[in-house]
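Residues per chain are reported as follows:
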Amino acid sequence: MSELNKLAKSLKEIENQLTDCMKCGMCQAVCPVFKQTGDEGDVARGKIFLLERLAEEMLTDAKGAKTRIEKCLMCGTCAANCPSGVKILEIFLKARAALTEYIGLSPVKKLIFRGMLKHPERMDALVETASRFQNLGTSKAEPNQGTRCSKLLSGIIGNRHFLPLARTPFHKTVPALNIPAGRSGLKVAFFPGCVTDKMNPEIGEAVLKVFKHHGVGVFMPKGQACCGIPALASGERNTFDTLLAHNAALFAKEQFDYLITPCATCTATIKEIWPMMAEKDSIEKCRAKQWAPKTMDISQFLVDVLQVAPAQKSDAGSESIEFAGDTVTYHDPCHLAKSLKVKSQPRDLIRANAGCTFVEMAGADVCCGNGGSFNLQNYDLSKQIGMEKRQNILTSGARTVATSCPACMMQIRDVLSQNHDRVKVRHVIEIYADTIKC
Amino acid sequence: MSLSSSLISELQQICGENGVMTSEVDRQNYSYDAAVLEPTIPAAVIRPNSKESIGKVISLCNDSGTPVTVRGAGTNLSGGTIPNKNGIVLLTNRMNRIIELNETDMYVRVEPGVVTADLAAQVAAKGLFYPPDPGSQAVSTIGGNVAENAGGLRGFKYGVTKDYVMSVEFFDALGRKVTSGSKTVKCVTGYNLAGLMTASEGTLGVFSEITLKLIPPPAASKAMMAVYDSVEAATQTVAAIIADKIVPCTLEFLDNFTINAVEDFSNVGLPRDAKALLLIEVDGHPAQVAEDGERVEQICKKLGARAIQVARNEAEKDKVWEARRAALSALARLKPTLVLEDATVPRSKIPDMVDAVEKLAQKYDIPIGTFGHAGDGNLHPTLLTDRRDPAQWERVEHCVADLFDAALSLGGTLSGEHGIGIAKAGFMKNEVGQSSIDFSRTMKAAIDPNNILNPGKIIGQ
């Protein structure tokens, strides 16, 4: 019991926040996981109850509780709809850290986080090597989506359909930038994020094209590391701290007006999680707090700051190349719509391309089911949730589905590819950038 | 503390392996509901997926003397879904089919696990209307609604859940199937067991199918907000509206404390110095709505409303209701623990009740926000506290007891819509007298000789 007592003590940090939950159960109405399973342990109320019991030392099976706490997309839909305003994501992140400290990381996670993710250069080198040999163990899955699958690795990755790693990652094409402000008078720090860097460099290129077009100066320091959320979501606080310190030191080297990312998850992490989870009184906490108000998703920056507005239909089709005559729908990434309440700006950005027509899909703001490591640990459930998203995309009749998060793009591409659907998956910035001539 | 392994394996045979949960975390996760009460960890959690399996599970439990607590969404506010230590929780959410939606005869047959809002939406899609709208309708189940006789905002005009129950099918304590009621409007065949089962809180049987009455939806509606400098003026308005033979579909009340909490929370522009707000909506035929709306407006003015805001369109209507929708959330954020009461008085006694609540708040030094359904006298005095503070919690318990006394002394009742469960079982005697409890206990003992169906709820042990 003395060990459990230690765990209980480390959960004291969140005890006040736990008490805010009045167990009304309204989270059952919106939780994507509960919708599939109907299991109280899968919904926020149930998880919070387990944490209360651990803190009170009234529950002995900490491992069982950890499994429950981790079976969560961290989509924040419950938090956005909670009548009592319980800080659910903060509770879960802190609880995962406490539980991981108590129980330990799995050997695989230890290898991934401490052996790879924590060391950006090693990570880049490993991914680069992997990209050269990736065709060996994988085969083409769905030509329309450009996806691959792997029988060889099916024990680890299941029958996922995924994009191959980029031949040249974004950081190889553009290792670093420091361009002064142009006619916009603004200079931004640019954080492309891991998925953009390693799988979708075209997103990073589209962002730079747009910055150039609007005369926005760009500071992109060399050697950026992961934002840290995958580690933190697995309770690996140590790796998170290292990554945060690494990134914070890089971005502190230059002055900038905004910190921009094309990834909803990175944006929410930098804006909310960095200041929340950085070590107390650390220089990182201080910097994260300074940067939080400046941190923005690319579409919010373009619409709210640079005043990009929906295009007039009179010049329809005149500019767009790839999306001329297309119908485009939009999937709200949870970390943008629920965490940061950014919903209209990405839609406006799509509408700024007069060549295509925007159509709203049903359940646009329902989680796609990816949830980062949730997808790795609960693939079947993740896919079930994703299939509902696929149905809504198809029902909308759109030929392209756009979103603002490369992680959601992975999930949506997987479920579409599995069904041989021809709907294209794009980032909103690609749709806007398509209207800009170089 | 645990069930015999032979019983577990028999339950597994009936409900499938994943229909029987026995791990510590799973059992903990079904030890509580939305009431502020101590959890009780059950011995197992069972999820039957067919009518037959419900009957078999109950029969097994009866033979082994295992208590059964039925649970839908676990939103109960009186502890009715908190299980017994050696008992099982019987979850209904695998049985969530709408069996038949009959537009011609205007009824719907459902399994008990159907979510209220899902049902209402499907009914609306067919151009019909299922009015009961308890606050938890987005998650609550029809089985739970019937077992608690759930109310809602529309109670005054449209009634509560019991007014829509046409027939029930349930399994009794011996696992026998029982049916009562009919799909017909009229039915006097046998005892009105459907009536008995409504609000029985899982103590008399377990529903396997419920038939609900549907009605045509109103064609039009009109909403308004009236602002008052005294609670009396607001309640006199309520009385005058009713005396004028107008029946609004909703007639909601917010006190000064709640008004300020809502304003702090959502900044919707409510007058902070107002003593009371009435939110009124009339519905029906467009011509009648126009006429009723105008008359209600005149009555509000005549009885001293200092301002009246009539919604001219859907957006404005939404704004009028935002204040009411935000009430519970706004109050919930003020203190860690929220005790939501539902003592109900005849509507003419609302000023006395509001007065009594204010006095109790002062006496026990506990902040209380009061809002609720003025049209039917069902107010929700909401006590804000921190259950971790023993001294404060003791004051809350005394305050709640006095609150019940106040409601009863005004000719009211302990519970308008949340049920008795465990929370109010001890106060039953004050309202109905010992002989009524004895009668209920005799009936329960005859129906459930081994006392396995949600023992301890409503009538105590």
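Source: prediction; values computed, not measured. (Residues numbered from 1 in each chain as written. Chains lettered and ligands numbered in written order. Predicted model: local features only at pLDDT ≥ 70, side-chain atom pairs only at ≥ 80, totals over all residues.)

### Quick word on the overall build of chain A
Next, step 1: Counting its regular elements, chain A contains 24 helices and 11 strands.
Next, step 2: Computed over C-alpha atoms, the radius of gyration of chain A comes to 21 Å, within 12% of the 22 Å expected from 2.2 N^0.38 for 438 residues, which places it in the range of a compact globule.
Next, step 3: Projected onto its principal axes, the C-alpha positions of chain A cover 70 × 50 × 45 Å.
Next, step 4: Burial analysis of chain A (438 residues in total) assigns 56% to the buried set. (Helix = DSSP H or I, 4+ residues; strand = E, 2+ residues; numbered from the N terminus. Rg over C-alpha atoms; globule rule 2.2 N^0.38 Å. Buried ≥ 20, exposed ≤ 12 C-beta atoms within 10 Å, placed from the backbone.)

### Focus on the sheet that holds strand S7 (residues 165–171) of chain B
All names here are of chain B.
Next, step 1: Overall, antiparallel pairing links the 5 strands, which are arranged S5-S6-S9-S7-S8 in an open sheet. In the strand order of this sheet, the two ends are held by strand S5 (98–102) and strand S8 (177–181), each with one partner. The average angle at which neighbouring strand axes cross in this sheet is 10°, direction not considered.
Next, step 2: Packing against the sheet, helix H3 (residues 51–64) makes contact with S7, S8 and strand S9 (206–213), and its axis sits at approximately 140° to S9. (Pairing = 2+ DSSP bridges. Axes fitted to C-alpha atoms, helices over the stretch in contact; angles between N-to-C directions. Contact = placed C-beta atoms within 7 Å.)

### Overview of the interface of chain A and chain B
Next, step 1: On the side of chain B, 24 residues touch chain A, which itself brings 25 residues to the contact.
Next, step 2: Counting residues per element, the ones that place at least two in the side of chain A that touches chain B are helix H4 (44–55) and helix H5 (62–70) of chain A.
Next, step 3: Per-element tally for the side of chain A that touches chain B: the top contributor is H4 of chain A, with 4 residues.
Next, step 4: For the side of chain A that touches chain B, a count of residues per class yields 9 nonpolar, 10 polar and 6 charged. (Nonpolar A, V, L, I, M, F, W, Y, C, P; charged D, E, K, R; others polar.)

### Let's talk about unusual backbone geometry
All names here are of chain B.
Next, step 1: With a phi angle near 75°, Ala199 is a residue other than glycine that sits in the positive phi range.
Next, step 2: Looking at the secondary structure, you find Ala199 in the loop between helix H7 (193–197) and S9.
Next, step 3: Of the residues examined, Ala199 has 20 C-beta atoms within 10 Å and is grouped as buried.
Next, step 4: Look at Asn451: it is not a glycine, yet its phi comes out positive at around 50°.
Next, step 5: Secondary-structure assignment places Asn451 in the segment after helix H15 (434–447).

### Some thoughts on the nonpolar core
Next, step 1: In terms of nonpolar packing, the biggest core is built from 271 residues, with Leu54 of chain A together with Ile46, Leu212, Leu277 and Leu278 of chain B touching the most fellow members.
Next, step 2: Examining the composition of this core, we find that 9 residues originate from one element, helix H7 (residues 88–103) of chain A, more than from any other.
Next, step 3: Beyond its immediate stretch of four places on either side in the chain, Ile46 of chain B contacts Leu11, Cys15, Gly19, Val20, Val57, Ile88, Val89, Leu90 and Leu91 of chain B. (Core = buried A, V, L, I, M, F, W, Y, C linked by C-beta atoms within 7 Å.)

### Structural notes on the environment of Val218 of chain A
All names here are of chain A.
Next, step 1: Checked against the element boundaries, Val218 lands in strand S5 (residues 217–220).
Next, step 2: For Val218, a count of 23 C-beta atoms within 10 Å translates into the label buried.
Next, step 3: Taking the C-alpha atoms as reference points, Val218 and Val359, 141 residues apart in sequence, are found 33 Å from one another.
Next, step 4: The residues touching Val218, leaving out its near neighbours within four places in the chain, are Leu177, Ile179, Val188, Phe190, Leu208 and Phe211.

### Re the confidence of the model for chain B
Next, step 1: Residues of chain B with pLDDT of at least 70 account for 100%, and the chain-wide mean is 95.
Next, step 2: Scored as a whole, the predicted complex attains pTM 0.94, and scored at its interfaces, ipTM 0.95. (pLDDT = per-residue confidence, 0-100.)

### Some thoughts on the pairing of strand S3 (residues 68–71) of chain B
All names here are of chain B.
Next, step 1: Judged by which residues are buried, S3 turns out to be covered on both faces: Val68 and Val70 on one side and Thr69 and Arg71 on the other are all buried.
Next, step 2: One ladder, built from 4 bridges, connects S3 with strand S4 (residues 88–91); its direction is parallel. By the bridge assignment for S4, Val70 is matched with Leu90.

### Some points on helix H20 (residues 344–351) of chain A
All names here are of chain A.
Next, step 1: Counting buried residues in H20 gives 7 out of 8 residues, a clear majority hidden from the surface.
Next, step 2: The complete set of buried residues in H20 reads Gln345, Pro346, Arg347, Asp348, Leu349, Ile350 and Arg351.
Next, step 3: Buried positions along H20 lie against helix H18 (298–305), strand S8 (327–331), strand S9 (357–358), strand S10 (400–403) and helix H24 (428–433).

### Some details on the packing of helix H9 (residues 256–266) of chain B against helix H11 (residues 314–332) of chain B
All names here are of chain B.
Next, step 1: Put simply, H9 and H11 touch, their axes get as near as 8 Å, and they point 90° apart. Classified by the angle between their axes, H9 and H11 sit roughly perpendicular to one another. Along the contact surface, H9 presents Thr258, Ala261, Val262, Asp264, Phe265 and Ser266, while H11 presents Glu322, Ala323, Ala326, Ala327, Ser329, Ala330 and Leu331. (Parallel < 35°, antiparallel > 145°, perpendicular 65-115°, else oblique.)

### Examining the domain arrangement of chain A
Next, step 1: Looking at chain A, the domain boundaries give domain 1 (2–104), domain 2 (108–157), domain 3 (170–304) and domain 4 (309–433).
Next, step 2: Averaged C-alpha coordinates put domain 1 of chain A and domain 2 of chain A at centres separated by 32 Å. (Domains from an automatic or database assignment.)

### Considering the domain arrangement of chain B
Residue and element names in this part refer to chain B.
Next, step 1: Along its sequence, chain B is organised into domain 1 (5–91), domain 2 (98–213), domain 3 (218–332) and domain 4 (335–417).
Next, step 2: Each of domain 3 and domain 4 has a C-alpha centre, and these two points are 22 Å apart.
Next, step 3: Each side of the interface is counted separately: domain 3 has 18 residues, and domain 4 has 18 residues.
Next, step 4: Elements supplying a minimum of two residues to the side of domain 3 that touches domain 4: helix H8 (231–243), strand S11 (250–255), H9 and H11.
Next, step 5: Looking at the side of domain 3 that touches domain 4 residue by residue, the classes come out as 13 nonpolar, 2 polar and 3 charged.

### Topic: the sheet that holds S3 of chain B
Residue and element names in this part refer to chain B.
Next, step 1: Strand order in this open sheet of 4 strands is S1-S2-S4-S3, and the pairing throughout is mixed. Edge positions in the open sheet fall to strand S1 (20–21) and S3, since each of these has one partner strand only.
Next, step 2: The pairing of strand S2 (residues 44–46) with S4 spans 3 bridges and is parallel. Directly across from Val45, in S4, lies its bridge partner Val89.

### Some words on helix H23 (residues 406–418) of chain A
Residues and elements named next belong to chain A.
Next, step 1: Taking 1.5 Å per residue as the helical rise, H23 with its 13 residues ought to reach 18 Å, and the 18 Å between its terminal C-alpha atoms agrees with that figure.
Next, step 2: Among the 13 residues of H23, 13 are classified as buried, and the element is accordingly described as predominantly covered.
Next, step 3: Just beyond H23, the residue with positive phi is His420, at close to 55°. (Expected span 1.5 Å × (residues − 1).)

### Considering the pairing of S9 of chain B
As a general feature of sheets, a regular strand has side chains that alternate between the two faces.
All names here are of chain B.
Next, step 1: With 7 of 8 residues buried, S9 lies mostly within the body of the structure.
Next, step 2: Relative to S9, S7 is paired through 6 bridges, and the arrangement is antiparallel. Note on S9: the bridge partner recorded for Glu169 is Glu209.

### Looking at the packing of H8 of chain B against helix H12 (residues 350–364) of chain B
Residues and elements named next belong to chain B.
Next, step 1: Two elements in contact, H8 and H12, have axes separated by 9 Å at closest approach and are oriented at 150°. Of the possible angle classes, the one that applies to H8 and H12 is roughly antiparallel. Handedness of the H8/H12 crossing: right-handed. Between H8, through Val231, Glu232, Thr235 and Val238, and H12, the contact on the second element is made entirely by Ile350, Pro351 and Val354.
Next, step 2: Among the residues forming the contact of H8 with H12, the class breakdown is 5 nonpolar, 1 polar and 1 charged. (Left-handed = near helix turned anticlockwise from the far one by under 90°.)

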